[in-house]
Amino acid sequence: MKFGGRDAPSILGWSVEKVSVRWEKTLAEPDVDSFSKKISGMLVEDVQRRAKFIRIILCSAELVIHLRMSGDIRVESDALPLQPHDRLVVWFTNGFRLAFNDTRKFGRVWFLKEAANFFEGLGPEPLGGLTKNDFHTLLQRHHRQIKPLLMDQRVVAGLGNIYTDEALFLAGIHPLKKSSAISKKQAGKLLQEIQAVLRKGIETNGASIDWIYRGGQFQNELHVYNRTGLACHNCGAEIVKIKVGQRGTHFCPKCQPEG
DNA sequence: CCTGAAACCTGTCTGC
DNA sequence: TGCAGACAGGTTTCAG
């Protein structure tokens, strides 16, 4: 199992001894007291992902984690010292622990008895059987700038700033293009590139762009993200950076023409 | 319905 | 060297 780009032991079958919440707001639900009481003694049955959420399935509840901007998870021996920004720690009975580290405190953890409703509002997984036809229909349903639309988790699940910029570049689509103006053929190409970029990201353990992330190799695959002013890998034009929906947005003006 | 801004946070980098 | 301001892999909420 990979955590934060490093190999870690599988936590399957491990039994929770106790938890500590070192920054209260990290625990979104429920309150610290009932969380501590209820999770103690539970076994880990499975670990899954839905959109950007990590799901740790326990016997009669589940722990849901969102890393947001700066979150990271370690699984390690409880003999090691805790780190400066460890916000929530799950201690197992076998001498190991799971530490949720999060410098910027944006990450959240939920302990849910019933998680079905929790994921209700999320859009489809691009790697989970979404067809080109359905994707095109999705884009037609809105009249929004394509980049913020792709990052809207209610529309499509799992795309963040890096992957969206990269997919739009590979598909040759300007980030401000109206979603409803995207042809069926373009939508097909876009979905294909979204899938390619996500697969590559998973394969390379994500991007390690600044001090927060370690171990990933995806930064070596980037065509536009973080390449402002550099030559486009495809045509040699200068990569441009603009602001779209308050997010830094990188694209090639020649390969991704407006309109 | 769509867009943009502000808020939530800490750490790093840039420019004066 | 110091310090202010901008900026960062995300999401929610609110104003226009």
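What you see is a predicted model, and the numbers here were worked out from it, not measured in a lab.

Engineer: What is the right way to read the overall build of chain A from this model?
Structural biologist: A count of helices and strands for chain A gives five helices and 13 strands. Relative to a compact globule of 259 residues, whose C-alpha radius of gyration would be 18 Å, chain A shows 20 Å and is just as compact. Across its three principal directions, the C-alpha atoms of chain A cover 60 × 35 × 30 Å. Every one of the 259 residues in chain A was classed for burial, and the buried ones make up 48%. Taking all contacts inside chain A whose residues are at least 6 apart in sequence as the whole, residues at least 24 apart take part in 60%. Accessible surface for chain A amounts to roughly 12700 Å². Of this, 51% is attributable to carbon and sulfur atoms. Averaging the coordinates of the 37 positive side-chain charges in chain A and doing the same for the 27 negative ones gives two points 6 Å apart.

Engineer: Is there a simple way to explain the pattern of salt bridges in this structure?
Structural biologist: For side chains bearing opposite charge, pairing can occur when the charged atoms are close. According to the stated counting rule, one finds 11 salt bridges in the structure shown. In this structure, the salt-bridge partner of R50 is E125, at a minimum N-O distance of 2.7 Å. Taken together, the residues R50 in strand β5 (residues 44-50) and E125 in the loop between β11 (108-112) and α2 (132-141) connect sequence positions 75 residues apart. E125 shares its class with R50; the two are buried. Between E76 and R97 there is a salt bridge; the shortest N-O distance is 2.6 Å. Placement of the pair is E76 in strand β8 (residues 71-77) and R97 in strand β10 (residues 96-102), with a sequence separation of 21 residues. The exposure class of E76 is buried, given its relative accessible area of 11%. Among the charged side chains, a network of salt bridges with common partners joins R74, E76, D86 and R97.

Engineer: Sorry, what's going on with the packing of helix α4 (residues 161-171) against helix α5 (residues 184-203) here?
Structural biologist: Packed helices, taken two at a time, are described by the angle their axes make and the gap between the axes. At a closest axis distance of 8 Å, the pairing of α4 and α5 adopts a crossing angle of 135 degrees. Here α4 lies oblique to α5, going by the angle between them. Crossing hand, α4 versus α5: right-handed. Contact residues: Y163, E166, A167, L168, L170 and A171 in α4; K189, L190, E193, I194, V197, L198 and G201 in α5. A class-by-class count of the residues in the contact of α4 with α5 yields nine nonpolar, one polar and three charged.

What counts and what doesn't
Residues numbered from 1 in each chain as written. Chains lettered and ligands numbered in written order. Predicted model: local features only at pLDDT ≥ 70, side-chain atom pairs only at ≥ 80, totals over all residues. Heavy atoms only, no water. Helix = DSSP H or I, 4+ residues; strand = E, 2+ residues; numbered from the N terminus. Rg over C-alpha atoms; globule rule 2.2 N^0.38 Å. Buried < 20%, exposed > 50% of the residue type's maximum accessible area, 1.4 Å probe, protein only. Contact = heavy atoms within 4.5 Å. Areas by Shrake-Rupley, 256 points an atom, 1.4 Å probe, with all protein chains shown as cover. Lys, Arg positive; Asp, Glu negative; His and termini not counted. Charge placed at Lys NZ, Arg CZ, Asp CG, Glu CD. Salt bridge = Lys/Arg side-chain N within 4 Å of Asp/Glu carboxyl O. Axes fitted to C-alpha atoms, helices over the stretch in contact; angles between N-to-C directions. Parallel < 35°, antiparallel > 145°, perpendicular 65-115°, else oblique. Left-handed = near helix turned anticlockwise from the far one by under 90°. Nonpolar A, V, L, I, M, F, W, Y, C, P; charged D, E, K, R; others polar.

Such coordinate-based values are descriptive only and should not be taken to indicate function.
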